[in-house]
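Residue-level structural notes
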Amino acid sequence: QVQLVESGGGLVQAGGSLRLSCAASGRTFSNYVMGWFRQAPGKERERVAAIRWTGSRTYYADSVKGRFTISRDNAKNTVYLQMNSLKPEDTAVYYCACRANWDTLDTRHWDYWGKGTLVTVSS
């Protein structure tokens, strides 16, 4: 049974930084794609970043390019999202997810999801 557990959310002032972690367990993730998503109140869930577990490919939404960095630690089976220069509009629940390949990053087509961690950015 695959489990994804997010941590690292919290309250931060605009311009500040946070690092989210996603601890993955339950299978070998060597060929998987890991993603970070977010959902703000009243809005649809949106894709933020993704990384192939091998590290050979990454994706970033335009809204976070240059500010967020996705990375992984194979030894710890953990994926990170380093978030810098945070803005109030980054306020959301952030979710970690995984899928078996890079064929699509569509939000509707991920196999496993964590329960999320709340990030609040104050102005």
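Structure: above.
Before going into details, it helps to say that this report is about the structure given with it. Since the structure is predicted, the reported quantities are computational estimates derived from the model, not experimental observations.

Take the pairing of strand S4 (residues 33-39) next. Of all 7 residues that make up S4, 6 are buried, and the element is covered over most of its length. From the end of S4 to the start of strand S5 (residues 46-52), which pair antiparallel, there are 6 residues, and Gly 42 there has a positive phi angle of about 75°. In the sheet, S4 pairs with strand S9 (residues 92-99) via 7 bridges, with the strands oriented antiparallel. By the bridge assignment for S9, Gln 39 is matched with Val 93.

In this section: the state of the cysteines. Counted according to the given criterion, the structure contains 1 disulfide. A disulfide bridge connects Cys 22 with Cys 96, and the sulfur atoms are separated by 2.1 Å. Its S-S torsion of approximately -75° makes the covalent link between Cys 22 and Cys 96 left-handed. Here Cys 22, found in strand S3 (residues 18-25), pairs with Cys 96, found in strand S9; they are 74 residues apart in sequence, far enough to count as distant. Left without a disulfide partner, Cys 98 is nearest to the cysteine sulfur of Cys 96, which lies 7.0 Å away.

Relative to the assigned elements, Asp 90 resides in the loop between strand S8 (78-83) and S9. For Asp 90, the side chain forms a polar contact with the side chain of Arg 67, separated by 2.7 Å. Non-local contacts of Asp 90, meaning those with residues more than four positions away in its chain, are made with Arg 38, Arg 67, Phe 68, Ser 85, Val 119 and Val 121.

This next bit is on unusual backbone geometry. Non-glycine residue Asn 77 carries a positive phi angle of around 50°. Take Asn 77: it is sitting in the loop between strand S7 (68-73) and S8. We note that Ser 85 has phi near 50°; this positive angle belongs to a residue other than glycine. The class for Ser 85 is partly exposed, based on a relative accessible area of 41%.

Reading guide: rules and limits
Residues numbered from 1 in each chain as written. Predicted model: local features only at pLDDT ≥ 70, side-chain atom pairs only at ≥ 80, totals over all residues. Heavy atoms only, no water. Buried < 20%, exposed > 50% of the residue type's maximum accessible area, 1.4 Å probe, protein only. Helix = DSSP H or I, 4+ residues; strand = E, 2+ residues; numbered from the N terminus. Pairing = 2+ DSSP bridges. Disulfide = S-S within 2.5 Å. Polar contact = N/O pair within 3.5 Å; in protein donor to acceptor, adjacent residues only side chain to side chain. Contact = heavy atoms within 4.5 Å.

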